[in-house]
Amino acid sequence: MKNPPGRRSFGYLIVLILLCLGYAAVLHFHFLLTGIHQMDGIIGVLLGLYSAAQPAANILDLVLFGQYDSVRASFRKVGAPYWGLNLFVLFAGWVVISISMLRYSALT
């Protein structure tokens, strides 16, 4: 069975990290993306959820639907750096969601 597009792709995960870092940098240096705090928060939450969805699905596939032998084969085939990158993208998505919720709830 063939993997769907975007699965087990270093490039896709790196693009997600760059999107998260770009969003955080824009908010850090320019303070507003659209001019409205609530809109910036909504965009950030959607970006964070989108960026964290693929690594979460990869990790759940590995843990829940993989058997012991297929998990070991997956680590040998893809390698620990890929799974580390998945965890990093998952963390970056969580950070973007947290920053965005703070932005959404800003009173000024």
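Check the entry above for the structure.
Quick notes on the rules
Residues numbered from 1 in each chain as written. Predicted model: local features only at pLDDT ≥ 70, side-chain atom pairs only at ≥ 80, totals over all residues. Heavy atoms only, no water. Helix = DSSP H or I, 4+ residues; strand = E, 2+ residues; numbered from the N terminus. Expected span 1.5 Å × (residues − 1). Contact = heavy atoms within 4.5 Å. Axes fitted to C-alpha atoms, helices over the stretch in contact; angles between N-to-C directions. Parallel < 35°, antiparallel > 145°, perpendicular 65-115°, else oblique. Left-handed = near helix turned anticlockwise from the far one by under 90°. Nonpolar A, V, L, I, M, F, W, Y, C, P; charged D, E, K, R; others polar. Buried < 20%, exposed > 50% of the residue type's maximum accessible area, 1.4 Å probe, protein only.

Chemist: So what exactly am I meant to see when it comes to helix α1 (residues 10-30) here?
Modeler: Since the α-helix advances by 3.6 residues per turn, residues separated by three or four positions end up pointing in the same direction. Here α1 is 21 residues long and its end C-alpha atoms lie 30 Å apart, about the 30 Å a rise of 1.5 Å per residue gives. For α1, the elements touching its buried residues are α2 (37-64) and α4 (80-104). Looking one or two residues beyond α1, the residue adopting positive phi is Phe-31, at roughly 70°.

Chemist: Help me understand the packing of α1 against α2 in this model?
Modeler: With their axes 10 Å apart at the nearest point, α1 and α2 run at an angle of 160° to one another. The pairing of α1 with α2 is recorded here as roughly antiparallel in orientation. Crossing hand, α1 versus α2: left-handed. Across the interface between the two elements, Tyr-12, Leu-13, Leu-16, Leu-19, Cys-20, Tyr-23 and Leu-27 from α1 touch Asp-40, Gly-41, Ile-43, Gly-44, Leu-47, Tyr-50, Ser-51, Gln-54 and Pro-55 from α2. Broken down by class, the residue content of the contact of α1 with α2 amounts to 11 nonpolar, 4 polar and 1 charged.

Chemist: Whenever I open this one, α4 confuses me. Can you help?
Modeler: The end-to-end C-alpha distance of α4, which contains 25 residues, comes to 36 Å, matching closely the 36 Å that a straight helix rising 1.5 Å per residue would cover. For α4, the full list of buried residues reads Tyr-82, Trp-83, Leu-85, Asn-86, Val-89, Ala-92, Gly-93, Val-96, Ile-97, Ser-100 and Arg-103.

Chemist: Explanation requested: the environment of Ala-24 in the structure shown.
Modeler: Within the fold, Ala-24 resides in helix α1. Sequence spacing of Ala-24 and Val-96 is 72 residues, and the spatial spacing of their C-alpha atoms is 7.0 Å.

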